[in-house]
Amino acid sequence: MKKISLVIPMYNEEPMVSLLIATLKEKVLSVLKDKYAFEIVALNDGSKDKTLELLQEEQKECPELVIVDLSRNWGQEPAVRAGLLTATGDCVIPMDADLQDPPEVIPLMVKMWEDGFEVVNAVRVSRKSDTSFKRDSAGFFYRYLDKISPKVKIPGNVNNFRLIDRRVVDEVNALSESNRVLRVEIPFVGFKTGAVEIVRAKRAKGESHYPLSAMVNLAKNSIVNISVKPLDIGLKIALCLAIFFCLSGIVELVMFILRLTSVFNIGDLALWAWLVINVILFVGTLITTVLAVQSLYIGKISEESAHKPSVIIREVIRK
Ligand code: UDP
Ligand code: MG
């Protein structure tokens, strides 16, 4: 019998523990129990409340529950990574503890997995429950990610809630970066990807632990992990400054010739002022060119030190 692992990071989720386990039993485990074995990998991410004690209490009645107690609060992404490393299932489904990710779609995700999809994303059909700031900033951010990594399509309305086949989990686990962002890593490793649509519910109980600073951090890590293209900005600025410098040099030369031939009476002040502008542009061009050249090497170091695979083969098919 194949096994499905649910991976659930938990930070101060005391009000959610028993409701979560009961809901998973009702809407997932009992629905699929004839075909699949389960494990619920709960990651206690350094909670300061009674999350761990309550999980241990639940475990007495729920042999599927595996508790992973982290050494301190690491944050959601590292907690999910610990879950992916611990999970032993043939597929793994990371989800939030607050039931915002609707567990009732899991049977449908599993059906698509049976049909051959190796990743099944849970795509939010609407972001109506978000503030307009969050909607707009997310839209802009994913368009930017698309631009800097045209080969890896990172879907905008998908968080960590997705079904991931063991093959894909192993590829993701083998990545060696220390700042992890699962939603970028899964599209990076690839494989046959399908989607189910969900409406993301409101948090069932307790409160959000995701401040703006954590969102900014996630965005920053996503960009840095997926591409070194933003480093090109140095080169682009150097090119612009070089063009301005050339144009400005031509203007200066023309002004000088006009003055020598006395066609126009251009004053000394104007000539000197233009010369200062030229010198500033020249120095600016030099400095940004040096920085742009350094960026090329920084990009190379960054790519090499990430030790990402240069290609992943699904299988070799011979006759
Ligand atoms: N979480 C975690 N460590 C943290 C913060 C959050 O493991 O430092 C977990 C949290 O318990 C929940 C999931 O990550 O299961 C998503 O967090 P939350 O619901 O607070 O975020 P939001 O849905 O508001 O973005
Ligand atoms: Mg939440």
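Here the structure is shown first, and the text comes after it.
All values reported here derive from a predicted model rather than from experimental measurement. (Residues numbered from 1 in each chain as written. Chains lettered and ligands numbered in written order. Predicted model: local features only at pLDDT ≥ 70, side-chain atom pairs only at ≥ 80, totals over all residues. Heavy atoms only, no water.)

(A) Just the layout of surface pockets, in detail. If you add up the space inside the second largest pocket, you get close to 580 Å³. Secondary-structure elements contributing two or more residues to the lining of the second largest pocket are α8 (212-226) and α10 (268-305). Split into classes, the residues belonging to the lining of the second largest pocket amount to eight nonpolar, nine polar and six charged. (1 Å grid on protein atoms, 1.4 Å probe; cavity = no way out; pocket = protein on both sides within 12 Å on 5 of 7 lines; lining within 4 Å. Points joined across faces, edges and corners; volume = space filled by probe spheres on them. Helix = DSSP H or I, 4+ residues; strand = E, 2+ residues; numbered from the N terminus. Nonpolar A, V, L, I, M, F, W, Y, C, P; charged D, E, K, R; others polar.)

(B) Broad picture of the coordination of the magnesium ion (ligand 2). Within the protein, the magnesium ion (ligand 2) binds to D98 (OD) and Q100 (OE1); these donor distances fall in the range 1.9 to 2.0 Å. By the burial criterion, D98 is buried, and Q100 matches it. (Donors = N, O, S within 2.8 Å, 3.2 Å for Na, K, Ca; no water. Buried < 20%, exposed > 50% of the residue type's maximum accessible area, 1.4 Å probe, protein only.)

(C) Local environment of the site of ligand 1. In the vicinity of ligand 1, 17 residues are found, and the nearest of them are E13, D45, Q100, S208 and H209. Separating an oxygen atom of ligand 1 from a side-chain N or O atom of Q100 is a distance of 2.7 Å. A distance of 3.3 Å is found between an oxygen atom of ligand 1 and a side-chain nitrogen or oxygen belonging to R200. Starting from 530 Å² of accessible surface for ligand 1 in isolation, the protein chains cover 91%. Classifying every residue of the shell around ligand 1 gives five nonpolar, six polar and six charged. (Near = heavy atom within 4 Å. Polar contact = N/O pair within 3.5 Å; in protein donor to acceptor, adjacent residues only side chain to side chain. Areas by Shrake-Rupley, 256 points an atom, 1.4 Å probe, with all protein chains shown as cover.)

(D) Seen up close, the environment of K229. Mapped onto the fold, K229 is located in the loop between α8 and α9 (233-260). As a C-alpha pair, K229 and N217 span 12 residues in sequence and 18 Å in three-dimensional space. Setting aside residues up to four positions removed in sequence, K229 forms contacts with K147, I148 and P150. (Contact = heavy atoms within 4.5 Å.)

(E) Expanded view of the pairing of strand β6 (residues 162-165). Covered by surrounding structure in β6 are R162 and I164 together with L163 and D165, the residues of both alternating faces. Bridging between strand β4 (residues 91-94) and β6 involves two bridges; their strand directions are antiparallel. Pairing of V92 across the sheet is with I164, part of β6. Relative to β6, strand β5 (residues 119-124) runs antiparallel, the two sharing three bridges. Bridge pairing links V119 to I164 in β6. (Pairing = 2+ DSSP bridges.)

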